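Overview (structure and organization)
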Amino acid sequence: MTAGISRFGIGTLADGVSRQVEAASDSLSAAFFEPVIRLGVTGMARAGKTVFITSLVANLLNRARMAGLVAEAEGRILATFLQPQPDVTLPRFDFEDHLAALTGPAPHWPESTRSISELRLSFRIRPTGLLGGVSGPRTLHLDIVDYPGEWLLDLGLMERSYADWSADLLARMDSRPAARPFLQAARAAAHTASFEEAKAQELARLYTAYLTEARTLGLSDVTPGRFLLPGDLAGSPVLTFAPLPPEDRAPRRGLWREMERRYEAYKARVVKPFFTEHFARIDRQVVLVDALSAIHAGPEAVDDLGRGMEAILAAFRPGRNAWLTQFLFGKRVEKILFAATKADHLHHSQHDRLTAVLDELLASATRRADFAGARTASMSIAALRCTVEESLRHEGRLLDCVRGQLEDGREAALYPGELPEDPTRITRGFAAGERWLDGDYQIMKFRPAQLSLRPGEGPPHIRLDRAAQFLLGDRL
Ligand SMILES: Nc1nc2c(ncn2[C@@H]2O[C@H](COP(=O)(O)OP(=O)(O)OP(=O)(O)O)[C@@H](O)[C@H]2O)c(=O)[nH]1
Ligand SMILES: [Mg+2]
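We now turn to the structure provided with this report.

Conventions we followed
Residues numbered from 1 in each chain as written. Chains lettered and ligands numbered in written order. Predicted model: local features only at pLDDT ≥ 70, side-chain atom pairs only at ≥ 80, totals over all residues. Heavy atoms only, no water. Near = heavy atom within 4 Å. Polar contact = N/O pair within 3.5 Å; in protein donor to acceptor, adjacent residues only side chain to side chain. Nonpolar A, V, L, I, M, F, W, Y, C, P; charged D, E, K, R; others polar. 1 Å grid on protein atoms, 1.4 Å probe; cavity = no way out; pocket = protein on both sides within 12 Å on 5 of 7 lines; lining within 4 Å. Points joined across faces, edges and corners; volume = space filled by probe spheres on them. Domains from an automatic or database assignment. Axes fitted to C-alpha atoms, helices over the stretch in contact; angles between N-to-C directions. Helix = DSSP H or I, 4+ residues; strand = E, 2+ residues; numbered from the N terminus. Parallel < 35°, antiparallel > 145°, perpendicular 65-115°, else oblique. Contact = heavy atoms within 4.5 Å. Phe/Tyr/Trp six-rings, centres within 6.5 Å; stacked < 30°, edge-to-face > 60°. Lys NZ or Arg CZ within 6 Å of the ring centre and 35° of its normal. Buried < 20%, exposed > 50% of the residue type's maximum accessible area, 1.4 Å probe, protein only.

1. Examining the site of ligand 1
Residues in close proximity to ligand 1 total 18 residues, the closest being Lys-49, Thr-50, Val-51, Ser-112 and Thr-113. Between an oxygen atom of ligand 1 and a main-chain N or O atom of Thr-113, the distance comes to 2.7 Å. Within the contact set of ligand 1, an oxygen atom lies 2.9 Å away from a side-chain nitrogen or oxygen of Lys-342. Residue classes in the shell around ligand 1 are distributed as 8 nonpolar, 5 polar and 5 charged.

As structure tokens, this is what we get:
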């Protein structure tokens, strides 16, 4: 018992103390040296994180397209430059490579990125107000942290036992055909009295295959998040477990107990460090949402996107999660921007409707939420605009189209279809036989346009300057 107390009591205390020291030194450097904003960028797979960061940084380095950033419009940003990041063990966000992919001679989309990375951009700013004339320029560092939204879903595991997590998942998997091979194997393996590594590996493999399929179907309950994005943990015991049906008196050396141990190890060694070392230090957050793909895919995808958003947002409502609260020490994310990405697929006349759908998707989560005083905003953006607008007459009607280059090199003006005026027609289940974005959206796979940028110009975008203003404007 004593061992138990010291393990949990002192362990937590020690974590707490080191976190406090770290927090204090963060704000010390902010007070006496140069202030830092840590900007988290997240979203589910393919939401547009890499393109967003690349274009944001490129447009902050060359600001001719950033009129919506007030400090830029007022001429107060004297210079911006990339600097070595402070966290020496985090991979650097590969800005140069991604930018070369997007804006090089044969423009293409960057590769999928499956881990956390960081980049520091620094500003030299002319001060405003009374001191403006007296003091010299000041410096502000922007540390951008890119991390997969799937990692936030793991927060739900922290206060859950292996037995509860398993029971929950298995119940939901029951109705999903994709889960059948795994469920069969899991039931057959129940009550295995002696642990065998090969059995554990087989179950983990089948479970991962199910998760992969579930993600392709757009389902968002895909925990543990790291199974799909293993990085250098691939094949290690912390990623070699799977849910099993509850067992009353599971033998100590049996399969069930070992699975339980690995689940607990995953929480302690994988999930917890992410939340304490990275998540807890974020000041401002962008959550990118590919609402267009979900709307096009249909009611189930929209429904699931809504639930995924809700699960992600749980991390930004620390009041509701005792485990998270203990690491934050009252520190909170100050601003959260929700952005519907890839808005260049739609004519601008549709953007307000897209934002309305995003708002409605978030409503169930945000309305009940206390974001602990964080300011939130939502908007529709395109980090890299690949299209131009064009109105075409078709059967006597003027259609609002977008023109761009398709992946096969052909150029086309396409009509994606309209979004409804009332967003709840999308978010509360479609009417029978109803489809949205059912026009040419299907074939709208644009490639980045070939650019000839003038000096001082970043890549073309939609509302990236307004996103930047919301996220940083008050500190510039
Ligand atoms: N038209 C258009 N397509 C975009 C835009 N941003 C992203 N995309 C598309 O979305 C895909 C995914 O974008 P990424 O930035 O790689 O997304 P991610 O969230 O980093 O994806 P992972 O690294 O796989 O998690 C791209 O390959 C493009 O096809 C945009 O602004 N406009
Ligand atoms: Mg990426």
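Next comes the rest of the write-up.
2. Considering empty space enclosed by the protein
This model, assessed by the stated rule, comprises 3 cavities of 30 Å³ or more. A volume near 40 Å³ is recorded for the second largest cavity. Leu-346, His-347, Ser-349, Gln-350, Asp-400, Tyr-415, Pro-416, Gly-417 and Glu-418 are the residues that line the second largest cavity. For the lining of the second largest cavity, the residue count by class is 3 nonpolar, 4 polar and 2 charged. Both domain 1 (11–147 + 278–385 + 461–475) and domain 3 (388–443) contribute no fewer than three residues apiece to the lining of the second largest cavity.

3. Focus: the packing of helix α2 (residues 49–61) against helix α4 (residues 95–103)
The axes of two packed helices give the description: the angle between them and the distance between them. Axis separation between α2 and α4 bottoms out at 10 Å; the angle between their running directions is 95°. The orientation of α2 with respect to α4, classified from their angle, is roughly perpendicular. Residue-level inspection shows Thr-50, Val-51, Thr-54, Val-57, Ala-58 and Leu-61 of α2 in contact with α4, the latter providing Phe-95, His-98, Leu-99 and Leu-102. Partitioned by chemical class, the residues of the contact of α2 with α4 number 7 nonpolar, 3 polar and no charged.

4. Some points on the packing of aromatic side chains
This model, assessed by the stated rule, comprises 20 aromatic pairs. By way of ring pairs, the aromatic residues Tyr-162, Trp-165, Phe-182, Tyr-207, Tyr-210, Phe-227, Phe-241, Trp-256, Tyr-263 and Tyr-266 are connected into one cluster. Here the basic side chain of Lys-335 rests over the ring of Phe-470, its NZ or CZ set 4.8 Å away from the ring centre.

5. A look at unusual backbone geometry
Pro-224 follows Thr-223 through a cis peptide bond whose omega is -5°. Here Pro-224 is to be found in the loop between α9 (197–216) and α10 (255–278). A positive phi is found at Lys-342, a non-glycine position, where the angle reads about 65°. As for its placement among the helices and strands, Lys-342 is situated in the loop between β6 (335–340) and α14 (351–368). We note that Glu-395 has phi near 50°; this positive angle belongs to a residue other than glycine. Turning to its location among the elements, Glu-395 is positioned in the loop between β8 (387–394) and β9 (397–405). What makes Glu-395 exposed here is its relative accessible area of 75%.

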